[in-house]
Amino acid sequence: MAESEVDLESEKYEKHREAGKILAQVREEAAERVEVGASHLEVAGFAEDRIRELGGEPAFPVNISIDEEAAHATPSIDDDTTFGEEMVNLDIGVHVDGWLADTAITVDLSGNPELAEASEQALEAALDIIEPGVDTGDIGAEIEDVIDGYGYNPVVNLTGHGLGHWEQHTSPNIPNRAVSQGTTLEVGDVVAIEPFATDGGGKVSEGASEEIFALEREGSVRNRQARDALEQITEEFRTLPFATRWLETDRPEMALRRLKRNDIVHGYPVLKEDDGYLVSQKEHTIIITEDGCEVTTASD
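Residues numbered from 1 in each chain as written. Predicted model: local features only at pLDDT ≥ 70, side-chain atom pairs only at ≥ 80, totals over all residues. Heavy atoms only, no water.

Asker: Would you mind showing me how to read the layout of surface pockets here?
Answerer: Empty space among the atoms becomes apparent when a probe as large as a water molecule is rolled across them. Of the voids in this model, the largest pocket is the one considered here, and its volume is about 470 Å³. Surrounding the largest pocket, 26 residues form its lining, H72, Q168, H169, P241 and Y268 being those nearest its centre. Breaking the lining of the largest pocket down by element, the ones donating at least two residues are β1 (57–66), β7 (167–174), β10 (205–215) and β12 (265–272). Here the second largest pocket is characterised by a volume of approximately 290 Å³. Taken together, 19 residues line the second largest pocket, and the ones lying closest to its centre are H40, E69, A73, T74 and D79. At four residues, β10 tops the list of elements feeding residues into the lining of the second largest pocket. (1 Å grid on protein atoms, 1.4 Å probe; cavity = no way out; pocket = protein on both sides within 12 Å on 5 of 7 lines; lining within 4 Å. Points joined across faces, edges and corners; volume = space filled by probe spheres on them. Helix = DSSP H or I, 4+ residues; strand = E, 2+ residues; numbered from the N terminus.)

Asker: What should I look at first to understand the environment of G20 in this one?
Answerer: Within the element layout of this structure, G20 appears in helix α1 (residues 11–32). Along the backbone, G20 and I92 are 72 residues apart, and their C-alpha atoms lie at a distance of 11 Å. Contacts of G20, omitting those with residues within four sequence positions, involve A101, T296 and T297. (Contact = heavy atoms within 4.5 Å.)

Asker: I'm lost on the UniProt feature "binding site: a divalent metal cation 1" (unreviewed entry) in the protein chain in this one. Help?
Answerer: In the UniProt entry, the feature "binding site: a divalent metal cation 1" (unreviewed entry) is given for D91, D102 and E283. Spanning 193 residues, the named residues nonetheless gather at one spot, since no C-alpha pair among them exceeds 8.1 Å. Looking only at the residues we just named, the largest pocket is lined by D91, D102 and E283. D91 gets classed as buried once you look at its relative accessible area, which sits at 9%. Once residues within four sequence positions are removed from consideration, D91 is found in contact with F60, P61, V62, N63, D102, T103, A104, E194, Q281 and E283. One can find D102 in strand β4 (residues 99–108). Among the polar contacts listed, one links the side chain of D102 to the side chain of H161, at a separation of 3.2 Å. (UniProt positions renumbered as here; feature names shortened; annotations may be inferred. Buried < 20%, exposed > 50% of the residue type's maximum accessible area, 1.4 Å probe, protein only. Polar contact = N/O pair within 3.5 Å; in protein donor to acceptor, adjacent residues only side chain to side chain.)

Asker: Mind showing me how you'd approach the sheet that holds β1 here?
Answerer: The strands that make up a sheet pair up through hydrogen bonds in the backbone, lying either parallel or antiparallel. Taken in spatial order, the three strands make up an open sheet running β1-β3-β4, and their pairing is antiparallel. In this open sheet, the two edge strands, each paired with only one partner strand, are β1 and β4. Across this sheet, the average inter-strand angle for adjacent strands is 10 degrees, counted without regard to direction. Contacting β1 and β3 (87–96), helix α2 (residues 40–53) crosses the sheet at an angle of about 155 degrees to β1. (Pairing = 2+ DSSP bridges. Axes fitted to C-alpha atoms, helices over the stretch in contact; angles between N-to-C directions.)

Asker: What should I look at first to understand the UniProt feature "binding site: substrate" (unreviewed entry) in the protein chain in this one?
Answerer: Under the feature "binding site: substrate" (unreviewed entry), the UniProt entry names H72 and H169. The largest pairwise C-alpha distance within this set of annotated residues, which runs over 98 residues, is 13.5 Å, so the set is compact in three dimensions. For the largest pocket, the lining residues drawn from the annotated set are H72 and H169. Here H72 shows up in the loop between β2 (69–71) and β3. Since its relative accessible area comes to 21%, H72 is described here as partly exposed.

Asker: Any chance you could explain the nonpolar core here in plain terms?
Answerer: The nonpolar side chains of a soluble globular protein tend to be buried, and buried together. Judged by nonpolar contacts, the single largest core of 24 residues is most densely connected at V34, I64, F83, V88 and L90. Among the elements of the structure, α1, α2, β1, β3 and β4 are those that each provide at least two residues to this core. In terms of residues, this core owes the most to one element, α1, which gives six residues. Beyond its immediate sequence surroundings of up to four residues, V34 is in contact with V43, F83, V88, L90, V107 and L109. (Core = buried A, V, L, I, M, F, W, Y, C linked by side-chain atoms within 4.5 Å.)

Asker: When you look at helix α4 (residues 136–149) in this model, what are you seeing that I'm missing?
Answerer: Residues spaced three or four apart along an α-helix point in a common direction, a consequence of the helix completing one turn every 3.6 residues. When the terminal C-alpha atoms of α4 are compared, their 20 Å separation across 14 residues agrees well with the 20 Å that a helix rising 1.5 Å per residue should span. The complete set of buried residues in α4 reads T136, G137, I139, G140, I143, V146 and I147. Lining the buried residues of α4 we find α3 (113–129), β5 (153–154), β7, β8 (190–193) and β9 (196–198). Between the side-chain oxygen of the N-cap and the backbone nitrogen of G137 there are 2.7 Å, and the N-cap of α4 in question is D135. The positive-phi residue at the C-terminal boundary of α4 is G151, with phi of around 85 degrees. (Expected span 1.5 Å × (residues − 1).)

Have a look at this one:
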């Protein structure tokens, strides 16, 4: 789209900004509640409720990733897990009428502040070079260079991403390492930049646990609980990810098993580094402007 055709004051962008403002406040308030002995479920519930209080809706379940976990971990319905002396990543999303903002922060309770700092500084370095015409491969190179400078590895098979309408992950991908075939960013693009740093090898794989799901396709099922769940999913969450604990039907786990078996929903397994390693993450959502970028999820 040509620059002259993009109206950054249109309703779409105002809703992206509103989502980002809500999210910046909730990120800071939720991070303050992460301490040894606090409950995962209570922190996630607090953040999701607070988003609604402030006029938004969660764009996906609050991700609480511990130590080697990098993404897609969220508490189960009756989760009694508490924080220990661990590295904690909070990844939170907000939407306003389907227009999204996405952010993440590492709260280090493990005594490894430099690993948390590596992803944070990599994000800052990436934001410094972003403007119309920048190649996403160059953004990845900047991220990789900073993380390497701290003596850590970027997680190479996780990327930043575009944010669409009712779509949490769209093109372009924003790599966390240098790549030769990138995409050129243009005025009006809305993207999430999210460096991950690790003291492990830099590749995550799927774990066994799955608490986050999303609608794959429309369909019909005979089971009452599955039917109730599907009705809530299509009306409330649409194509955005949701947690098992958000479903209001009886026996939600069984309902999801049926929906998954019929390829109506798909799950997001927890993504993790090898056991014994740590992952940090920092993420902001930005709008590409005429002269750089606007960080919608920046704190005031």
